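# Analysis of the macromolecular model
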Amino acid sequence: MKPILTIFTPTYNRAYTLHLGYESLKKQTCQSFVWLIIDDGSNDGTRSLVQGWIEEGIISIRYHYQENLGMHGAHNTAYELIETELNVCIDSDDYMPVDAVQKIITYWNQFGSEEVAGIVGLDAYQNGDIIGTELPADLSTCTLGELYGVHKVKGDKKLVYRTALTKTTPAYPIFSGEKYCPLSYKYIFIDQLKPLLLLNEVLCHVEYLPDGSSLNMLNQYYKNPKGFAFFRQTAMIHAPSLKEKLRECIHYVSSCLLSQKKDFIQASPLKGMTLVALPFGYLLSFYVRYEQRKRNAMGSEQ
């Protein structure tokens, strides 16, 4: 029977940790999935490592190599290649509990339909502690934006999306010289279409490595201002409250200043609020530059 789930993993020079995902997928109580590995320009032996796993023939693996485009570029490629009804991203330093695939498929078969965008489940640390908070027990469906903005859910969550929606919503933009655009850009568009089913079960164990995107977010912010500014233009429109809209405008101003974009007020979809955000955005851009200089100075001393 054709699998309904693709587990995709973007990876860049993570041969030393990619085995965690592989070992967890071999142990899944339900093997009705495809593992799609997007190799985003690795030069550390990832190709030969994965080829060995493919030859073992234990699980279904698809491997795709591309020139380095960054995390969001790897996601774009994955969404183009995925053929199953559902998809979920498991990062190259993460792994799934042995019953995660079974839980996803069972829950989808019971409650899934074209009236929902997919499933949102829980991430946990390797010791089993939930990251952030659990999902509201009195809700069966909710958009991602409402979970965080209205219901005050905290921490990373695991998103299982219908492929029909990840394919038809806008792709992440690729800016020359930059390697990152916030992944929630696409999630915002999906939020406008359908809510997610809530599943209060751990679907992924997460480790925040020193070279990972999460722990290097300030560095990402500094090095990819065009991608962040582009994202904020969408985020400020769909933010669930005035407070959140102002927050997005402040970050928009900061990223535009970092990228030296001169016409950012005219380009803003919320011009009045962007004007209000100007002094705060200037302060934020100053802070980001200061922290980056301090980080660079510390690096040169080591």
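Residues numbered from 1 in each chain as written. Predicted model: local features only at pLDDT ≥ 70, side-chain atom pairs only at ≥ 80, totals over all residues. Heavy atoms only, no water.

Moving on: the nonpolar core. Residues Leu5, Ile7 and Trp35 are the most contacted members of the largest nonpolar core, which totals 33 residues. Mapped onto this core, the elements with two or more residues apiece are strand E1 (5–11), helix H1 (19–26), strand E2 (33–40), helix H2 (46–56), strand E4 (86–89), helix H4 (100–111) and strand E8 (196–206). Looking at this core, the element that brings in the most residues is H4, giving 6 residues. Discounting chain neighbours no more than four positions away, the residues touching Leu5 are Ser32, Phe33, Val34, Thr84, Leu86, Asn87, Val88, Val101, Ile104 and Val160. Formed by 32 residues, the second largest nonpolar core is a distinct cluster that contains Ala74, Ile82, Ala124 and Cys142. (Core = buried A, V, L, I, M, F, W, Y, C linked by side-chain atoms within 4.5 Å. Buried < 20%, exposed > 50% of the residue type's maximum accessible area, 1.4 Å probe, protein only. Helix = DSSP H or I, 4+ residues; strand = E, 2+ residues; numbered from the N terminus. Contact = heavy atoms within 4.5 Å.)

With that settled, the discussion passes to the side chain of Asn219. Secondary-structure assignment places Asn219 in helix H8 (residues 217–223). In terms of polar contacts, Asn219 uses its side chain to reach the side chain of Gln292, at 2.9 Å. In contact with Asn219, other than residues within four places in its own chain, are Gln292 and Arg295. (Polar contact = N/O pair within 3.5 Å; in protein donor to acceptor, adjacent residues only side chain to side chain.)

Helix-helix packing: each pair is described by the crossing angle between the helix axes and the interaxial distance. Packing of helix H7 (residues 184–191) against helix H9 (residues 225–238) brings their axes to within 10 Å, and their N-to-C directions diverge by 30 degrees. As summarised for this structure, H7 and H9 are arranged roughly parallel, according to the angle between their axes. The handedness of the crossing between H7 and H9 is left-handed. Every residue of H9 that contacts H7 at Ser184, Tyr185, Ile188 and Phe189 is listed here: Phe230, Phe231, Thr234, Ala235 and His238. Looking at side-chain class alone, the contact of H7 with H9 contains 6 nonpolar, 3 polar and no charged residues. (Axes fitted to C-alpha atoms, helices over the stretch in contact; angles between N-to-C directions. Parallel < 35°, antiparallel > 145°, perpendicular 65-115°, else oblique. Left-handed = near helix turned anticlockwise from the far one by under 90°. Nonpolar A, V, L, I, M, F, W, Y, C, P; charged D, E, K, R; others polar.)

This part is about the sheet that holds E4. The 8 strands lie next to each other as E3-E2-E1-E4-E7-E5-E8-E6, forming an open sheet whose pairing is mixed. The sheet terminates laterally at strand E3 (61–66) and strand E6 (141–142), the two strands that pair on one side only. Strand direction decides the pairing type here: E1 and E2, joined by 7 bridges, are parallel. Paired with Leu5 across the two strands is Phe33, which belongs to E2. Running at roughly 140 degrees to E2, helix H3 (residues 71–81) makes contact with E1, E2, E3 and E4 of the sheet. H4 contacts E1, E2, E4, strand E5 (118–125), strand E7 (157–162) and E8 of the sheet and is inclined by roughly 175 degrees relative to E8. (Pairing = 2+ DSSP bridges.)

Scanning the entire structure with this criterion turns up 1 cavity of 30 Å³ or more. Its boundaries defined by the atoms lining it, the largest cavity holds a volume of some 60 Å³. Considering the residues around the largest cavity, the lining is formed by Ile7, Thr9, Leu18, Gly21, Ser24, Leu25, Trp35, Ile90, Asp91, Ser92, Asp94 and Met96. Secondary structure elements with two or more residues in the lining of the largest cavity: E1 and H1. In terms of residue count, H1 provides more of the lining of the largest cavity than any other element does, 3 residues in total. Split by residue class, the lining of the largest cavity holds 6 nonpolar, 4 polar and 2 charged. (1 Å grid on protein atoms, 1.4 Å probe; cavity = no way out; pocket = protein on both sides within 12 Å on 5 of 7 lines; lining within 4 Å. Points joined across faces, edges and corners; volume = space filled by probe spheres on them.)

Helix length check: H4 (12 residues) gives 16 Å between terminal C-alpha atoms against 16 Å at 1.5 Å per residue, within 8%. Elements that come into contact with the buried residues of H4 comprise E1, E2, E4, E5, E7 and E8. (Expected span 1.5 Å × (residues − 1).)

It is worth spelling out the pattern of salt bridges at this point. This structure, assessed with the given rule, holds 9 salt bridges. Residue Asp93 pairs with Arg14 through a salt bridge whose shortest N-O separation is 3.5 Å. One end of the pair, Asp93, is in the loop between E4 and H4; the other, Arg14, is in the loop between E1 and H1, and 79 residues separate them in sequence. The pair Asp93 / Arg14 is uniform in exposure class, with both members buried. The partner of Glu115 in a salt bridge is Lys194, with the nearest N and O atoms 3.6 Å apart. Residue Glu115 is located in the loop between H4 and E5, and its partner Lys194 is located in the loop between H7 and E8; the two are separated by 79 residues in the primary sequence. Exposure remark for Glu115: the relative accessible area of 55% places this residue in the exposed category. In this structure, a network of salt bridges that share partners links the residues Asp99, Lys103 and Glu201. (Salt bridge = Lys/Arg side-chain N within 4 Å of Asp/Glu carboxyl O.)

Turning to the pairing of E5, a few remarks are in order. Counting buried positions along E5 gives 7 out of 8 residues, so the element sits mostly inside the fold. Judged from the 5 bridges that link them, E5 and E7 form a sheet pairing that is antiparallel. Looking at E7, one finds that Val120 is bridged to Leu159. Taken together, the 7 bridges between E5 and E8 define a ladder with parallel strand orientation. Note on E8: the bridge partner recorded for Ala124 is His205.

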